[in-house]
Every structure is written in C-alpha cells, then in structure tokens.
Amino acid sequence: MKVELEQFYHTYLQNDVAVLRLTLFWLLSCRITILQNSCFLILSLSILLLPLTFSDARKDALAGGWTPIKDIKDPHVMEIAKFAVDEYNKQSKASLKLDEVVKGETQVVSGINYKLVLKAKDGSAVNTYEAVVWEKAWLHFRNLTSFTPVRD
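Only a predicted model underlies this, so the values are computations on that prediction, with no experimental measurement involved. (Residues numbered from 1 in each chain as written. Predicted model: local features only at pLDDT ≥ 70, side-chain atom pairs only at ≥ 80, totals over all residues. Heavy atoms only, no water.)

Draft legend 1. Geometry of the nonpolar core. Counting residues in hydrophobic clusters, the biggest one holds 19 residues, and the most contacted among them are Leu116, Leu118, Leu144 and Phe147. Elements represented by at least two residues in this core include exactly helix H2 (75–92), strand S3 (111–122), strand S4 (125–136) and strand S5 (141–150). For this core, the element with the highest residue contribution is H2, accounting for 6 residues. Those residues in contact with Leu116 that lie beyond four places of it in its chain are Ile69, Val77, Ile80, Ala81, Val101, Lys103, Gly104, Tyr129, Glu130 and Ala131. (Core = buried A, V, L, I, M, F, W, Y, C linked by side-chain atoms within 4.5 Å. Buried < 20%, exposed > 50% of the residue type's maximum accessible area, 1.4 Å probe, protein only. Helix = DSSP H or I, 4+ residues; strand = E, 2+ residues; numbered from the N terminus. Contact = heavy atoms within 4.5 Å.)

Draft legend 2. Up close: unusual backbone geometry. Its identity as a non-glycine residue notwithstanding, Lys93 has a phi of 55°, on the positive side. Position of Lys93 relative to the elements: it lies in the loop between H2 and strand S2 (97–109). Residue classification places Lys93 among the exposed positions, given a relative accessible area of 78%.

What follows is the structure, encoded as structure tokens:
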C-alpha cells in the first residue's frame, strides 16, 4: 500500500504541482504582458494627447510667435514700458517721459520678450516708439533690446 501511495504521489500529485507551477507561470507572464501592453498603450495615448491638452492654454500663440497683450494697462506691462523709457534715457542721454502704452505683444523665449508701442514726451512733443524688452523674471533680469521711433 505504501508503494501504491508513493506511485500515486509521483504520478498525479507531482504532475499536478508541475501543472500548477506552469499555470501560475503562464498567468504571471500574461499579467506582465498585459501590464506592459497597458503601460505602452497609456504612454502612447499620453504622448498623442499631450499637445491637445496644452492647445487650449495657448490657443492664440504659436510656438515662438508673438501674442497680443490683452491688458496693456496691466501694472507689469506699465513697469516694463517705464523700464524701456528709463533705460533708453540712460543709454542715449535723452529725457523722455512715458505717456502711454498704445499696444503690445509678448513672445516666449528664454524668458519673455515684450514688444511695446508707446508714446513718450520729449519736452512738449509726444512721439511714438517701439520698444523691445527681454525679461527673465525669475532672475530679476531685464534688457532693452531695441527702442526705435515709429512714424505715425
């Protein structure tokens, strides 16, 4: 009887253990494959849908293009305009006084370029100028790139 039990064990139970091991291995392999395929699918969809996610945030702007400033009376825009006039005065030994910002655009670069059309007084005469200021706010950096008269 003992011999029969040992044969039964070796014949059936050992095979069942092997089958169980193979089944478990197969299930884990399928699960890993499914997880890998799922991760690949999620990653692919994310990459494809990423531009759509950000398209609403910058709907009007082209990459590297100029975007109109909606509120030219914004205090930061006025500060940039004042900086442009003050910096021009320092560089050219002029004495312009900022009168108003007529219009403006921004461009995202390594920082932000501000292109402002502004009116400034030179004594009693009011002239129109286009100023471009490059700002890196996180570095507290500003640079007057250009300041040119505009014909009315």
